[in-house]
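# Secondary and tertiary structure notes
Each chain, letter by letter, is given below.
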Amino acid sequence: MLADASGVMPDVLKIPGDQRFFAEALDRAALIVHGRHSFEDQPNSPRRTRIVLTRTIAALAPDPANPKATLWNPAGASFAEACERAGAAAGTVAIIGGPEVFAMFLDGYDTFWLSQAPRVRLPGGEPCLPGVPERTPQQILAAHGLRAAETEILDAAHDVSVTAWRRA
């Protein structure tokens with residue numbers, strides 16, 4: 001789960017090691033992609049070029065609240081068109097969710113970083129991918145051609161880790 005039953009990421013999931021890993025990865029990315037209810041809420045957030053998925057527009061539009069953001073409706077424009085509008089011609093794209101956004105790119109990821117905090121329970125929470133909990137995130141990633149590679153421990157005291165799932 002990536003959020004509680006109300007759709008909010010609770011403090012119990014804001015683990016310092018994971019937050020640091022996340023922020024450093026976003027700092028290296030040329031483009032951030034997320035749904036309109038997702039955000040990273042970090043000091044560097046306003047500096048990051050982003051595409052925000054939404055169904056409230058026909059295709060592409062500037063975000064009136066953020067000059068670094070492009071609003072994108074996938075039903076009206078391709079991802080390539082959205083990247084062009086955002087001015088992102090090359091570099092790493094960080095897809096930060098939510099579940100529908102992650103699912104859109106399952107067959108295109110080079111790497112999907114799956115963080116796990118096994119001691120945290122969020123009954124009725126929002127899953128990281130559609131199809132969870134019927135299948136595990138690992139089963140879903142594997143079904144889309146990704147294979148577990150290196151794992152990094154982010155917080156040993158709480159068994160928090162991140163595993164790179166790479167395209168085979």
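Quick look at the structure, then. Being a predicted model, the structure only gives us computed values, none of them experimental.

### Quick word on the overall build of the chain
Of regular secondary structure, the chain possesses 4 helices and 8 strands. The C-alpha radius of gyration computed for the chain amounts to 16 Å, which stays within 12% of the reference 15 Å derived for 168 residues, consistent with globular compactness. The principal-axis extents of the C-alpha atoms in the chain amount to approximately 45 × 35 × 30 Å. Taken over 168 residues, the chain has a buried fraction of 43%. Taking all contacts inside the chain whose residues are at least 6 apart in sequence as the whole, residues at least 24 apart take part in 49%. In the form shown here, the chain has an accessible surface area of approximately 9400 Å², with 55% of it arising from carbon and sulfur atoms.

### Here we look at the environment of Arg47
With respect to the helices, strands and loops of the structure, Arg47 is situated in the loop between strand E1 (31–35) and strand E2 (50–53). Its relative accessible area of 57% is what places Arg47 among the exposed residues. Between the C-alpha atom of Arg47 and that of Ala69, which follows or precedes it by 22 residues, the distance is 9.9 Å.

### Quick notes on the pairing of strand E7 (residues 146–155)
Sheet analysis places E7 next to strand E8 (residues 160–167), joined by 7 bridges and oriented antiparallel. Along E8, the bridge assignment pairs Ala148 with Trp165. Where E7 folds back on E8, the antiparallel hairpin that results is connected by 4 residues, among which Asp159 adopts a positive phi of roughly 60 degrees.

### Observations regarding the sheet that holds E2
Spatially, the 5 strands line up as an open sheet ordered E3-E4-E2-E1-E5, and their pairing is mixed. Two strands lie at the open edges of the sheet, namely strand E3 (60–63) and strand E5 (93–97), each paired on one side alone. Shown here is a sheet whose adjacent strand axes are inclined to one another by a mean of 25 degrees, direction ignored. In terms of strand pairing, E3 meets strand E4 (residues 66–72) through 4 bridges, oriented antiparallel. By the bridge assignment for E4, Ala61 is matched with Leu71.

### A few points about the pairing of E2
The side chains of a regular strand alternate between both faces of the sheet. Alternating residues of E2 divide into Arg50 and Val52 and Ile51 and Leu53, and every residue in both groups is buried. Bridge count for E1 against E2 is 4 bridges, and the pairing is parallel. Residue pairing for E2: Ile32 is matched across the bridge by Arg50. Of the strand pairs in this sheet, E2 and E4 are connected by 4 bridges, and their pairing is parallel. Bridge pairing in E4 links Leu53 to Trp72.

### Looking at helix H1 (residues 16–28)
An ideal rise of 1.5 Å per residue puts 18 Å on 13 residues; H1 measures up with 19 Å between its terminal C-alpha atoms. Packing partners of the buried residues in H1 comprise E1, E5, strand E6 (111–116), E7 and E8.

### Re the packing of aromatic side chains
If you walk through the whole model with that rule in mind, you get 5 aromatic pairs. A ring pair is formed by Trp72 and Phe79, whose centres lie 5.4 Å apart and whose planes are at 45 degrees; its orientation type is tilted. Look at Phe79 and you get partly exposed, because its relative accessible area is 25%. Taken together, the aromatic side chains of Trp72, Phe79 and Phe105 make up a single cluster linked through ring pairs.

So, how was this worked out
- Residues numbered from 1 in each chain as written.
- Predicted model: local features only at pLDDT ≥ 70, side-chain atom pairs only at ≥ 80, totals over all residues.
- Heavy atoms only, no water.
- Helix = DSSP H or I, 4+ residues; strand = E, 2+ residues; numbered from the N terminus.
- Rg over C-alpha atoms; globule rule 2.2 N^0.38 Å.
- Buried < 20%, exposed > 50% of the residue type's maximum accessible area, 1.4 Å probe, protein only.
- Contact = heavy atoms within 4.5 Å.
- Areas by Shrake-Rupley, 256 points an atom, 1.4 Å probe, with all protein chains shown as cover.
- Pairing = 2+ DSSP bridges.
- Axes fitted to C-alpha atoms, helices over the stretch in contact; angles between N-to-C directions.
- Expected span 1.5 Å × (residues − 1).
- Phe/Tyr/Trp six-rings, centres within 6.5 Å; stacked < 30°, edge-to-face > 60°.

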